[in-house]
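Here is how the chains run, residue by residue.
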Amino acid sequence: MSETGYQPLKGQRAIVSGGSSGIGSAVCKCLAAAGAKVVVNYNSSPGGAEEVAQEIESNGGEAMVIQADVGKEDDVQKMFSQTIEKWGSVDILVANSGLQRDASFDELTLAQWEKVMNVNLTGQFLCAREAVREFKRRGIVPELSVAAGKIICMSSVHDIIPWAGHVNYAASKGGVLLMMKSLAQEVAPLKIRVNGISPGAIKTPINREAWETPEAEEKLLELIPYQRVGEPEDIGKAAVWLSSDDSDYVHGITLYVDGGMTLYPEFADNG
Ligand code: BGC
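What comes next concerns the included structure. (Residues numbered from 1 in each chain as written. Predicted model: local features only at pLDDT ≥ 70, side-chain atom pairs only at ≥ 80, totals over all residues. Heavy atoms only, no water.)

A word on the pattern of salt bridges
Applying the stated criterion to the full structure yields 12 salt bridges. In this structure, the salt-bridge partner of arginine 137 is glutamate 134, at a minimum N-O distance of 2.7 Å. Highlighted residues: arginine 137 and glutamate 134, both in helix H4 (residues 110-138), separated by 3 residues, approximately one helical turn. On the basis of relative accessible area, glutamate 134 is assigned to the buried category, the value being 6%. (Salt bridge = Lys/Arg side-chain N within 4 Å of Asp/Glu carboxyl O. Helix = DSSP H or I, 4+ residues; strand = E, 2+ residues; numbered from the N terminus. Buried < 20%, exposed > 50% of the residue type's maximum accessible area, 1.4 Å probe, protein only.)

Examining the environment of lysine 10
Along the chain, lysine 10 falls in the segment before strand S1 (13-16). For lysine 10 and serine 198, which are 188 residues apart along the polypeptide, the C-alpha to C-alpha distance reads 25 Å. Those residues in contact with lysine 10 that sit more than four places away from it in its chain are Ala34, Gly35 and Leu144. (Contact = heavy atoms within 4.5 Å.)

Some thoughts on unusual backbone geometry
Even without glycine at this site, lysine 191 takes up a positive phi of about 65°. Considering the arrangement of structural elements, one finds lysine 191 in the loop between helix H5 (167-187) and strand S6 (192-199). Given the relative accessible area of 43%, lysine 191 is considered partly exposed. Despite not being glycine, glutamine 227 has its phi angle at roughly 60°, a positive value. Within the secondary structure layout, glutamine 227 lies in the loop between helix H7 (214-221) and helix H8 (232-243).

Here we look at helix H1 (residues 22-33)
When the terminal C-alpha atoms of H1 are compared, their 17 Å separation across 12 residues agrees well with the 16 Å that a helix rising 1.5 Å per residue should span. Of all 12 residues in H1, 10 are buried; the element is thus mostly enclosed. If you check which residues of H1 are buried, you get Gly22, Ile23, Gly24, Ser25, Ala26, Val27, Cys28, Cys30, Leu31 and Ala32. Trailing H1 by a residue or two, glycine 35 shows a phi angle of about 105°, which is positive. (Expected span 1.5 Å × (residues − 1).)

A few points about the site of the ligand
Near the ligand the following residues occur: Gln100, Ser156, His158, Trp163, Tyr169, Gly200, Ala201, Ile206, Asn207 and Met261. In this structure, an oxygen atom belonging to the ligand sits 2.7 Å away from a side-chain N or O atom of histidine 158. Asparagine 207 places a polar side-chain atom, nitrogen or oxygen, 3.2 Å from an oxygen atom of the ligand. For the ligand, whose unbound accessible area comes to 310 Å², protein coverage reaches 90%. Classifying every residue of the shell around the ligand gives 5 nonpolar, 5 polar and no charged. (Near = heavy atom within 4 Å. Polar contact = N/O pair within 3.5 Å; in protein donor to acceptor, adjacent residues only side chain to side chain. Areas by Shrake-Rupley, 256 points an atom, 1.4 Å probe, with all protein chains shown as cover. Nonpolar A, V, L, I, M, F, W, Y, C, P; charged D, E, K, R; others polar.)

Fair warning: the whole summary comes from geometry, so function is off the table for now.
Structure follows, in structure tokens:
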């Protein structure tokens with residue numbers, strides 16, 4: 001149950017890729033609190049995924065842990081078929097898996113480039129394609145939702161903010177942005193809703209160095225007009241809204257959840 005007891009996702013089945021830690025784990029918990037059954041996907045950390053699933057179940061929700069490398073077609077197809085076999089279908093996909101492999105451009109290896117593209121972009125393509133296939137096959141189930149399915153692509157403020165030293169990451173997220181919008185344009189007539197969430201700086205393991213010490217946090221806050229570093233739940237709540245019929249007329253947009261990071265804060269007293 002959500003804190004308010006409001007369960008807009010009651011009975012819906014969600015797959016969250018990369019649900020074992022960081023933003024993904026908060027998304028799993030928030031969707032479950034809103035009434036969804038949740039597949040907590042992980043690639044390499046079963047412990048984290050199990051913990052998330054246990055927490056969901058101890059709060060009266062339903063969860064299933066599935067291992068899959070989202071960059072591998074077979075793995076993704078198996079994850080969807082296992083879910084459909086157990087729960088009958090899928091209503092929500094949060095394509096969330098993502099990672100960084102940072103290096104200055106001249107030092108960036110092909111392996112680092114490909115790893116980031118494979119997980120962050122190809123992984124979203126493969127998951128979204130399976131979701132679209134299932135939504136199209138099944139169509140609208142009026143008792144559950146007015147849409148035939150919902151896809152949320154987890155992006156980043158770096159889909160529009162260039163990021164030196166992270167060219168592979170920014171390029172992958174820029175790719176996510178236009179993949180999401182093009183897909184949204186294509187599947188709208190099928191009543192499949194596709195949107196993106198672009199988090200700013202959120203306290204997760206991916207950017208621990210940027211907020212761990214008070215000095216680092218102070219420096220990071222220079223980039224955040226709203227003057228706080230985000231929490232994973234900030235993203236989880238946005239994911240609930242974008243998955244629910246409350247946002248039914250919202251399609252093909254990117255919701256920046258970033259405390260104003262995309263407002264060019266350095267211009268506040270300059271320019
Ligand atoms: C990155 C973080 C970074 C944040 C804001 C995210 O997409 O993964 O490392 O702190 O963007 O710059």
